[in-house]
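Residues per chain, in single letters:
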Amino acid sequence: NQPLPIALVGEAILKQQADEVRDFDEKLSHLASQMVASMVEAKGVGIAAPQVHSPLALFIMASRPNERYPDAPLMDPVVVVNPQLLSASAELVSGEEGCLSVPGQRFSIWRHQTIVVRYQDLAGQWQQTELTGFIARIFQHEFDHLQGITLLERSQ
Ligand SMILES: O=C(NO)N[C@@H](Cc1ccccc1)C(=O)O
Ligand SMILES: [Zn+2]
C-alpha cells in the first residue's frame, strides 16, 4: 500500500461532492490501506478519499498523539464509508485544526462538541456511534471533505 500523492487546496477534486460507495470489494480495502499509508507518512490523524484524488465517500479517522497533535487521544484507526450525521450538539467548541491539503498551516475552527453518526465499515456493515471532542472534530473535518468543503471555508 504505497502512499498516494495528496491533493492541495485549489484542486477541483477537493471541491466535489464524493460519490456513494457501492462495492465493498478488495479494491475498496486496498484504497483504504493506501490512504492509511498516505496519512501515516504525512503524520496525519485523518484523511479523506478526495485528498488522494478518489471522489468516494470514504475516510480514515486515526487519532493518536504525535508531534503534530501531542494531546490527541489514542484510538484504533477507523475506516468510515458512506457516513451520515444523525445529530449534532448545539454546543460548539473552537479548536486547532490542520489539513494535509493545506500544508504547514493551522486554523481555529468551531465544531459540534458531540455528534451521533452512522457509517458502513469495509464489510458494508452499518455502525452507529456517538463521538465527542477531538475525535468528533476529526469526523466533522473529514465529513466536510466529502461535501467538497475544506477548513478554509470554516475558519473563523
Ligand atoms: O487533512 C486531514 N484530513 O482531511 N488531516 C488532518 C485531520 C485533522 C482533522 C481535525 C483536526 C485535526 C486534524 C490532520 O492534520 O491530520
Ligand atoms: Zn483535511
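Bear in mind the structure is a predicted one, so any value in this text is a computation, not a measurement. (Residues numbered from 1 in each chain as written. Chains lettered and ligands numbered in written order. Predicted model: local features only at pLDDT ≥ 70, side-chain atom pairs only at ≥ 80, totals over all residues. Heavy atoms only, no water.)

Engineer: Please clarify how the coordination of the zinc ion (ligand 2) should be interpreted in this entry.
Structural biologist: Only Cys99 (SG), His141 (NE2) and His145 (NE2) from the protein coordinate the zinc ion (ligand 2), and they sit 2.1 to 2.3 Å from it. Taken in sequence order, the residues that donate to the zinc ion (ligand 2) follow the motif C-x41-H-x3-H. Within this pair, whereas cysteine 99 is found in the loop between strand E4 (92–97) and strand E5 (107–112), its partner histidine 145 is found in helix H2 (residues 133–146), the two being separated by 46 residues in sequence. Of the two residues, cysteine 99 and histidine 145, both sit in the buried class. (Donors = N, O, S within 2.8 Å, 3.2 Å for Na, K, Ca; no water. Helix = DSSP H or I, 4+ residues; strand = E, 2+ residues; numbered from the N terminus. Buried < 20%, exposed > 50% of the residue type's maximum accessible area, 1.4 Å probe, protein only.)

Engineer: It is not clear to me how empty space enclosed by the protein should be interpreted in this structure. Could you clarify?
Structural biologist: Here the structure, examined in full by the defined rule, presents 1 cavity of 30 Å³ or more. A volume near 170 Å³ is recorded for the largest cavity. At the level of elements, E4 and H2 are the ones that each hand at least two residues to the lining of the largest cavity. Looking at the lining of the largest cavity element by element, the count peaks at 5 residues for H2. (1 Å grid on protein atoms, 1.4 Å probe; cavity = no way out; pocket = protein on both sides within 12 Å on 5 of 7 lines; lining within 4 Å. Points joined across faces, edges and corners; volume = space filled by probe spheres on them.)

Engineer: Could you clarify how one ought to interpret the environment of glutamate 26 in this entry?
Structural biologist: Residue placement: glutamate 26 occurs in helix H1 (residues 26–41). On the accessibility criterion, glutamate 26 (62% relative accessible area) is exposed. With 96 residues separating them along the chain, glutamate 26 and leucine 122 place their C-alpha atoms 9.3 Å apart.

Engineer: Honestly, the pairing of E5 in this entry has me stumped. Any pointers?
Structural biologist: Two faces make up the sheet, and in a regular strand the side chains alternate between them. Burial of the side chains of E5 is restricted to one face: Phe107, Ile109 and Arg111 are buried, whereas none of Ser108, Trp110 and His112 on the reverse face is. Of the pairings in the sheet, the one linking E4 to E5 comprises 6 bridges and is antiparallel in character. Bridged to leucine 92 within E5 is histidine 112. (Pairing = 2+ DSSP bridges.)

Engineer: Whenever I open this one, the sheet that holds strand E2 (residues 58–61) confuses me. Can you help?
Structural biologist: Whenever strands of a sheet pair, they do so through backbone hydrogen bonds, lying parallel or antiparallel. Taken in spatial order, the 5 strands of this open sheet run E1-E2-E3-E6-E7, and their pairing is antiparallel. At either margin of the open sheet sits one strand with a lone partner, and together these are strand E1 (46–48) and strand E7 (126–132). With strand direction ignored, the average angle separating the axes of adjacent strands in the sheet is 40 degrees. Here E2 pairs with strand E3 (residues 78–88) via 4 bridges, running antiparallel. Within E3, the position partnered with methionine 61 by the bridge is valine 78. Relative to E2, H2 is tilted by about 160 degrees, and along the sheet it contacts E1, E2, E3, strand E6 (114–120) and E7. (Axes fitted to C-alpha atoms, helices over the stretch in contact; angles between N-to-C directions. Contact = heavy atoms within 4.5 Å.)

Engineer: For this particular structure, what's the right way to read the site of ligand 1?
Structural biologist: In the neighbourhood of ligand 1, 17 residues make up the surrounding shell, with Val45, Gln51, Tyr69, Leu100 and Glu142 lying closest. Residue glycine 46 places a main-chain N or O atom 3.0 Å away from a nitrogen atom belonging to ligand 1. Interatomic distance of 2.7 Å between a side-chain N/O atom of tyrosine 69 and an oxygen atom of ligand 1. Here ligand 1, which alone exposes 400 Å², has 100% of that area covered by the protein. Given that more than half its atoms are within 2 Å of the pocket grid, ligand 1 belongs to the largest cavity. It is H2 that provides the largest number of residues to the shell around ligand 1, a total of 6 residues. A breakdown of the residues in the shell around ligand 1 according to their chemical character gives 7 nonpolar, 6 polar and 4 charged. (Near = heavy atom within 4 Å. Polar contact = N/O pair within 3.5 Å; in protein donor to acceptor, adjacent residues only side chain to side chain. Areas by Shrake-Rupley, 256 points an atom, 1.4 Å probe, with all protein chains shown as cover. Sits in = over half its atoms within 2 Å of the grid points. Nonpolar A, V, L, I, M, F, W, Y, C, P; charged D, E, K, R; others polar.)

Engineer: What is the right way to read the packing of aromatic side chains from this model?
Structural biologist: The relative placement of two aromatic rings is captured by the distance of their centres and the angle of their planes. This model, assessed by the stated rule, comprises 3 aromatic pairs. On the numbers, 5.1 Å between centres and 80 degrees between planes, the contact of phenylalanine 59 with phenylalanine 139 is edge-to-face. In this pair, phenylalanine 59 is assigned in strand E2 and phenylalanine 139 in helix H2, connecting sequence segments 80 residues apart. Note on phenylalanine 59: relative accessible area 0%, which makes it buried. Ring plane angle 50 degrees and centroid distance 5.7 Å describe the contact between tyrosine 69 and phenylalanine 134, whose orientation is recorded as tilted. Linking tyrosine 69 in the loop between E2 and E3 with phenylalanine 134 in helix H2, this pair joins segments that are 65 residues apart in sequence. Overall, tyrosine 69 belongs to the buried group, its relative accessible area being 9%. (Phe/Tyr/Trp six-rings, centres within 6.5 Å; stacked < 30°, edge-to-face > 60°.)

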